[in-house]
Amino acid sequence: MNEIICPNCKKAFKVDEAGFADILKQVRDHQFEEELLSRLALAEKEKESAVKLAEANLRNSLQEQLAKKDKELTELKAQKDAELSQKLTQKETELLQLKAKLENIEVEKKLAVTEATQKVEKERDELANAIKLKDTEKELLEKSLSEKYLAELKEKDAIIKHKDEEIALRKDMKLKLSTKMIGETLEQHCETEFNKLRATAFQRAYFEKDNDSKSGSKGDFIYRETDEAGNEIISIMFEMKNEGDETATKKRNEDFLKELDKDRTEKKCEYAVLVSLLEADSEYYNSGIVDVSHKFSKMYVVRPQFFIPIITLLRNAAMNSLQYKAELALVKNQNIDITNFEEKINTFKEGFARNYELASRKFKTAIEEIDKTIDHLQKTKDSLLSSDNNLRLANQKAEDLTIKKLTHGNPTMKAKFDDLK
């Protein structure tokens, strides 16, 4: 144990070694701190002295450098002034030279402007004169063209006036034509077309107006043709119908079919044909030859351009059956039982009619092509040729129909023909 006396109260107290060491540590720390503070204060004073010394040294150094720079600046300023004076003199000289050049350029410019102005004014005057000349030529050309067009216009007006007068005249003629007169004109057309071919194609044909009105009515024309022996080949009752554009009541083709059938029956004609210009816009009647046999037996409606073709078609068909008509007439004259014979003839006619119908359809196709354009004539020719094939088949059937086949299964007819042999 150590005994320690307090410096303040002067009392002694004892401490153990640990406490003594702690107190000793405190004392040492306190002394170290005081010594540290003392040294720090001394270092601070030395630092301030050093700073002041450094500042003084720096100030002196800066003053020396400043004096040196001032001296250099003064020298440089003197040099610059000399150089600037020299350059200024040089620039003034150059400026005087540029002013002299500018004055020369201005003079040249004025001279060039004057020359250009004179040239432009000359070109302007020449262009003005050319424009005046062109205007004069234009006026003369316009006057010439105007006079030319006026003359042509007057000529066209005269032509148009002439056409208008002609149209008015035609319309006036139409208005004055009666329905009967128009019909007679169509009749004359058909009669003329027939007479053109009468001497070459219809040498043994009868084609005259029907003047027999005992029954109360009559057709327009009757066509009959016989062979060399006087046997009738074909007979056709013709009726021609047309109407004016201004006719109040428009007629239809069907309105005349019944009366035509009656005339055909009374005049003992085999076929009836209505040559018509009625219903001009009808595609049905404009298709060519129109078969109306579903309404009236062996009756057709055609346009005027098919007047000759319908005669030719029916005539050729009749010529193919002429041989069998002659045989039938011979059998009838000998009072032979012809029941089965007529049945076979009717069978032949039905077969022929079917072929004829096919041929007629082809013929209609050809006629349609004829109506459309002349360029289709070749197509029409092909269609007509194809229709000939059906007529050829019909002719083959007719040629194949022999007396042997007709009398087959009919002992009475066979015996009669055997007697004839």
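Preceding this section is the structure that the text describes.
A. Fine view of the sheet that holds strand β5 (residues 232-241). The six strands are arranged β3-β4-β5-β6-β8-β7 in an open sheet whose pairing can be described as mixed. The open sheet terminates on both sides in strands that have one partner only, identified here as β3 (205-209) and β7 (290-291). Relative to strand β8 (residues 299-302), β7 is paired through two bridges, and the arrangement is antiparallel. For V290, the partnering residue across the bridge sits in β8 and is V301.

B. Quick peek at the pairing of strand β4 (residues 221-226). Here five bridges tie β3 to β4, and the two strands are oriented antiparallel to one another. By the bridge assignment, F207 is partnered in β4 with Y223. Sheet analysis places β4 next to β5, joined by six bridges and oriented antiparallel. Its bridge partner being in β5, Y223 is matched across the sheet by I236. A loop of five residues connects β4 with β5, the two strands running antiparallel in sequence, and G230 in this loop sits at a positive phi of about 90°.

C. Structural view of a nonpolar patch on the surface. Among the surface-exposed residues, F32, L36, L37 and L40 lie close enough to one another that they form a single nonpolar patch of about 410 Å² accessible area. Relative to the helices and strands, L37 resides in helix α1 (residues 17-176).

D. Inspection of the pairing of β5 at higher detail. Most of β5 sits inside the fold, with eight of its ten residues counted as buried. Note that β5 and strand β6 (residues 271-276) share six bridges and pair parallel. By the bridge assignment for β6, K241 is matched with S276.

E. Geometry of the pattern of salt bridges. Summed over the entire model, instances satisfying the criterion amount to twelve salt bridges. Among the ionic pairs, R224 bridges to E232, the shortest N-O distance being 3.2 Å. By relative accessible area, R224 is classed as partly exposed at 23%. R264 is the salt-bridge partner of D261, the closest N and O atoms lying 2.5 Å from each other. Here D261 pairs with R264, and both are found in helix α3 (residues 257-266), just three residues apart, close to one helical turn. Overlapping salt bridges bring together R252, E254 and K295 as one network.

F. Examining the side chain of D210 more closely. Relative to the elements of secondary structure, D210 occurs in the loop between β3 and β4. One polar contact links D210 to K267, side chain to side chain, over a distance of 2.6 Å. Residue contacts for D210: discarding those within four places in its chain leaves K218, G219, D220, F221, I222, M237 and K267.

G. View of helix α5 (residues 307-320). Between its first and last C-alpha, α5 extends 21 Å over 14 residues, near the 20 Å set by a 1.5 Å rise per residue. Regarding α5, the residues found buried are F307, I308, I310, I311, L313, L314, R315, A317 and A318.

H. Spotlight on the side chain of N253. Residue position: N253 is located in the loop between β5 and α3. Side-chain polar atoms of N253 contact the side chain of S276, separated by 2.4 Å. Those residues in contact with N253 that lie beyond four places of it in its chain are L274, S276, L278, E279, Y285 and V301.

I. Structural context of the environment of Y206. Among the structural elements, Y206 can be located in strand β3. On the basis of relative accessible area, Y206 is assigned to the partly exposed category, the value being 41%. Those residues within four positions of Y206 in sequence are excluded, and the remaining contacts are I222, Y223 and R224.

J. Main features of unusual backbone geometry. In the Ramachandran plot, K268 falls in the positive-phi region, its phi being about 55° despite a non-glycine side chain. On the basis of relative accessibility, which here comes to 67%, the residue K268 falls in the exposed class.

K. Inspection of the nonpolar core at higher detail. Membership of the largest hydrophobic core comes to 27 residues, with the highest contact counts inside it found for Y223, F238, V273, F307 and I310. Secondary-structure elements contributing two or more residues to this core are α2 (179-201), β3, β4, β5, β6, β8 and α5. Each residue touching Y223, except ones within four places of it in the same chain, is listed here: F194, F202, A205, Y206, F207, I234, S235, I236, F238, I311 and R315.

L. The packing of aromatic side chains, seen in detail. Across all of its chains, the model carries ten aromatic pairs by this definition. Centre to centre, the rings of F207 and F221 are 4.7 Å apart; their planes meet at 5°, and the pair counts as stacked. Residue F207 is found in strand β3, and its partner F221 is found in strand β4; the two are separated by 14 residues along the sequence. Taking relative accessible area as the criterion, F221 reaches 1% and is therefore assigned buried. Relative to F307, the ring of F207 lies with its centre 5.8 Å away and its plane at 55°, an arrangement referred to as tilted. Here F207, found in strand β3, pairs with F307, found in helix α5; they are 100 residues apart in sequence, far enough to count as distant. Judged by relative accessible area, which is 0%, F207 ranks as buried. Classification of F307 as buried rests on a relative accessible area of 1%.

M. Spotlight on the environment of R224. Inspection of the secondary structure puts R224 in strand β4. Taking the C-alpha atoms as reference points, R224 and C269, 45 residues apart in sequence, are found 8.2 Å from one another. Setting aside residues up to four positions removed in sequence, R224 forms contacts with R204, A205, Y206, E232, I234, S235, K267, K268 and C269. Polar side-chain contacts of R224 include one of 3.2 Å to the side chain of E232. Polar contacts involving the side chain of R224 include one to the main-chain carbonyl oxygen of K267, which spans 2.4 Å.

Scoring rules and cut-offs
Residues numbered from 1 in each chain as written. Predicted model: local features only at pLDDT ≥ 70, side-chain atom pairs only at ≥ 80, totals over all residues. Heavy atoms only, no water. Pairing = 2+ DSSP bridges. Helix = DSSP H or I, 4+ residues; strand = E, 2+ residues; numbered from the N terminus. Patch = residues over 30% accessible without salt bridge, like charges linked within 9 Å, V, L, I, M, F, W, Y side chains within 5 Å. Areas by Shrake-Rupley, 256 points an atom, 1.4 Å probe, with all protein chains shown as cover. Salt bridge = Lys/Arg side-chain N within 4 Å of Asp/Glu carboxyl O. Buried < 20%, exposed > 50% of the residue type's maximum accessible area, 1.4 Å probe, protein only. Polar contact = N/O pair within 3.5 Å; in protein donor to acceptor, adjacent residues only side chain to side chain. Contact = heavy atoms within 4.5 Å. Expected span 1.5 Å × (residues − 1). Core = buried A, V, L, I, M, F, W, Y, C linked by side-chain atoms within 4.5 Å. Phe/Tyr/Trp six-rings, centres within 6.5 Å; stacked < 30°, edge-to-face > 60°.

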